[in-house]
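# Commentary on secondary and tertiary structure
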Amino acid sequence: MSPHRPTGRRRAATLGLAALLAAVAAAPAASAAPAPTAVLATTSTHPDHPAGTRLGDVRVLAHFDRAAGQVAESIALEPGGGVVIGMIHARQVVRVAQDGAVQVLATMPLPPGGGTTTPVVGTPGVTGVARSDSGAVYFLYSSGQGGLTGIWQVRRSGEPRLVVPLPADSFPNALVIDGKRDRFLVTDSTDGRIWQAPLRGGEASVWSADPALAPNGFFGANGMKIHDGAVWASNSDQGTIVRIPVTKDGGSGRATVRATQLEGIDDFDFTGRGTEILAAINQTSKLVRVGANGAQETLLDAEDSMQGTTAVTVRGNRAYVTNGANLAGNDPTLMLAELRRR
C-alpha cells in the first residue's frame, strides 16, 4: 500500500488521497464482488527501447468495486492460475480464478470506533496476503488497535483467525512466508522495520530496523520479496529498493540500496532474469522495469489503463498486476500480461 506524504508539489494530490480514503472507508463492504469483464488493455510496444523483459497481451482479468472499498492491494499466487488479493478498505480477502471469477473469502469487521487510530491513513485495511505450500491463506490487517492488528488466517468457515498479533501503532504492509525457516516476514511501513514470527503463530520480533527501511514522514518499508539469499524491500518515501542479506542463523545483515528514483514505489517482483525487477509505482500509475544495474524503463502507464498501481507478481511468463485506483481513476483491476524476454 502506498499513499504518499504531502511535500511540495505532491501536497494537493495527497490531500485528495486523504479525502478519497475517508470516502472509501465510509462505504459499506461488499458481500460479493462484481462480475468480471474481460477488457483488452493497450499492449506495451516500445521497439526502440534496449533489450530486456517486455510485456505483451496485456488485458484486464477482473474489475473491482471501488465504491465498496475494493482497493486492490497485494497478490498471492495459487495453483491453476488463480490469485488471492487483499482489498484495503473493504477489509476483504478475495480469490480471482483463472477465468476472472471473483469470490470473497473473508471480511474483517470494523474495529470499535471505526479504526480512526490506524497509523498514518486513519482507516483500517487489509494489506498483504500470502499462501503457504500447504494451501493456507494468510493476510495482514492494520486497525490501530491491539488484538486486531496482525497476521490473520483465512479459514474455510470464512471466520478469520488471528495468528500473530502486532503492535497497534504498526502498519503491517507486505507479508512473505520464508518457507526455509518456517516464519513470516512483515514490513512495517510507519516504523520502518521488518517483523518476523513463527509460521505456527505466536509472538513477533523485529528482524531488521535498518535505516534504509525508515520512512521520511510517511511510508518507509513497503513491498518485500525473498530472492537470492536475501530479503528485498521497497521504500516508498525514499524511492528505493534495498537488499538485506540473510545470515547463516537467519538474522539480517546490512542493507544495500539496489535501485533509486522510484518515489511512490509499492510492491515489486523479480522477472526470472537474475535481479531484473518489475516495480509497481502507485503514485504515478506505472509498471517500471528495473535492470540489474538499476536502469529503469516504463513498460505500462496510464495509457495502458494503469490506475494507482499497487502490486505485481510474476509466475513463469505471466505477470499479474493490481491497480487500486486510490490515487488516480476509479477502476481498480487485476491485469494479466505476458512476459516476453529478449
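Because the structure is predicted, anything quoted here is derived from the model rather than measured.

Tallying secondary structure elements over the protein gives one helix and 25 strands in all. For the protein, buried positions account for 58% of its 342 residues. For the protein, contacts bridging at least 24 residues in sequence account for 51% of all contacts bridging at least 6. Per element, the accessible surface of the protein, about 13,200 Å² overall, is 50% carbon and sulfur.

The subject of this paragraph is empty space enclosed by the protein. Overall, the coordinates contain one cavity of 30 Å³ or more when judged by the stated rule. Taken as a whole, the largest cavity spans an internal volume of roughly 50 Å³.

For the rest of this paragraph, the subject is the packing of aromatic side chains. Where two aromatic rings form a pair, the distance of their centres and the angle of their planes describe that pair. A complete count under the given rule lists five aromatic pairs for this structure. Geometrically, the ring pair formed by Phe218 and Phe219 is tilted, given 5.2 Å between the ring centres and 35° between the ring planes. For the residue pair Phe218 and Phe219, the accessibility class agrees, reading buried in each case. With a centroid separation of 5.0 Å and an interplanar angle of 80°, the aromatic rings of Trp232 and Phe270 are classed as edge-to-face.

Throughout the structure, instances matching the rule amount to twelve salt bridges. With a shortest N-O distance of 3.1 Å, Arg289 and Glu297 are connected by a salt bridge. Judged by its relative accessible area of 8%, Glu297 is buried. Across the salt bridge formed by Glu338 and Arg340, the nearest N and O atoms sit 3.6 Å from each other. Look at the salt bridges and you will find they share partners, linking Arg54, Arg273, Glu276, Arg289 and Glu297 into a network.

Take the layout of surface pockets next. If a probe as big as a water molecule is rolled over the atoms, it shows which places are left empty. Its volume calculated, the largest pocket comes out at about 710 Å³. In terms of lining residues, the largest pocket is bounded by 33 residues, among which Ala130, Leu175, Val176, Ile177 and Lys225 are the most central. If one sorts the elements of the lining of the largest pocket by residue count, strand β15 (residues 221-227) sits on top with six residues. Split by residue class, the lining of the largest pocket holds 16 nonpolar, ten polar and seven charged. The space that makes up the second largest pocket amounts to roughly 220 Å³. Lining the second largest pocket we find Glu78, Arg95, Val104, Leu105, Arg131, Gly135, Ala136, Val137, Gln153, Val154, Arg155 and Arg156. Residues belonging to the lining of the second largest pocket are distributed by class as follows: five nonpolar, two polar and five charged.

Among soluble globular proteins, nonpolar side chains are generally buried collectively. Judged by nonpolar contacts, the single largest core of 16 residues is most densely connected at Phe64, Val83, Ile85, Met87, Val96 and Leu334. Of all the elements in the fold, those that place two or more residues in this core are β2 (54-63), β3 (72-77), β4 (83-87), β5 (92-96) and β25 (333-340). Ignoring anything within four residues of it in the chain, the contact list for Val96 reads Leu61, Ala62, Phe64, Gly82, Val83, Ile85, Ala101, Val102 and Leu334.

Read across the sheet, four strands follow the order β3-β4-β5-β6 without closing on themselves; strand pairing throughout is antiparallel. The open sheet is flanked by β3 and β6 (102-107), the only strands paired with a single partner. With direction set aside, neighbouring strand axes in the sheet form an average angle of 25°.

The side chains of a regular strand alternate, residue by residue, between the two faces of the sheet. Of all seven residues in strand β23 (residues 309-315), six are buried, a share of seventy percent or more. Bridge count between β23 and strand β24 (residues 318-323): six bridges; the pairing is antiparallel. Directly across from Arg315, in β24, lies its bridge partner Arg318. Hairpin connection between β23 and β24: a loop of two residues separates the two successive antiparallel strands, and Gly316 in this loop has a positive phi of roughly 60°.

Strand order in the open sheet formed by four strands is β11-β12-β13-β14, with antiparallel pairing between adjacent strands. A single partner strand is all that each edge strand has here, and the edge strands are β11 (172-178) and β14 (205-208). For this sheet, the mean angle separating the axes of adjacent strands, direction not counted, is 35°. Pairing of strand β12 (residues 183-188) with strand β13 (residues 193-198) involves six bridges; the strand directions are antiparallel. From the neighbouring strand, Arg183 faces β13, where its bridge partner is Pro198.

Procedures and definitions
- Residues numbered from 1 in each chain as written.
- Predicted model: local features only at pLDDT ≥ 70, side-chain atom pairs only at ≥ 80, totals over all residues.
- Heavy atoms only, no water.
- Helix = DSSP H or I, 4+ residues; strand = E, 2+ residues; numbered from the N terminus.
- Buried < 20%, exposed > 50% of the residue type's maximum accessible area, 1.4 Å probe, protein only.
- Contact = heavy atoms within 4.5 Å.
- Areas by Shrake-Rupley, 256 points an atom, 1.4 Å probe, with all protein chains shown as cover.
- 1 Å grid on protein atoms, 1.4 Å probe; cavity = no way out; pocket = protein on both sides within 12 Å on 5 of 7 lines; lining within 4 Å.
- Points joined across faces, edges and corners; volume = space filled by probe spheres on them.
- Phe/Tyr/Trp six-rings, centres within 6.5 Å; stacked < 30°, edge-to-face > 60°.
- Salt bridge = Lys/Arg side-chain N within 4 Å of Asp/Glu carboxyl O.
- Nonpolar A, V, L, I, M, F, W, Y, C, P; charged D, E, K, R; others polar.
- Core = buried A, V, L, I, M, F, W, Y, C linked by side-chain atoms within 4.5 Å.
- Pairing = 2+ DSSP bridges.
- Axes fitted to C-alpha atoms, helices over the stretch in contact; angles between N-to-C directions.

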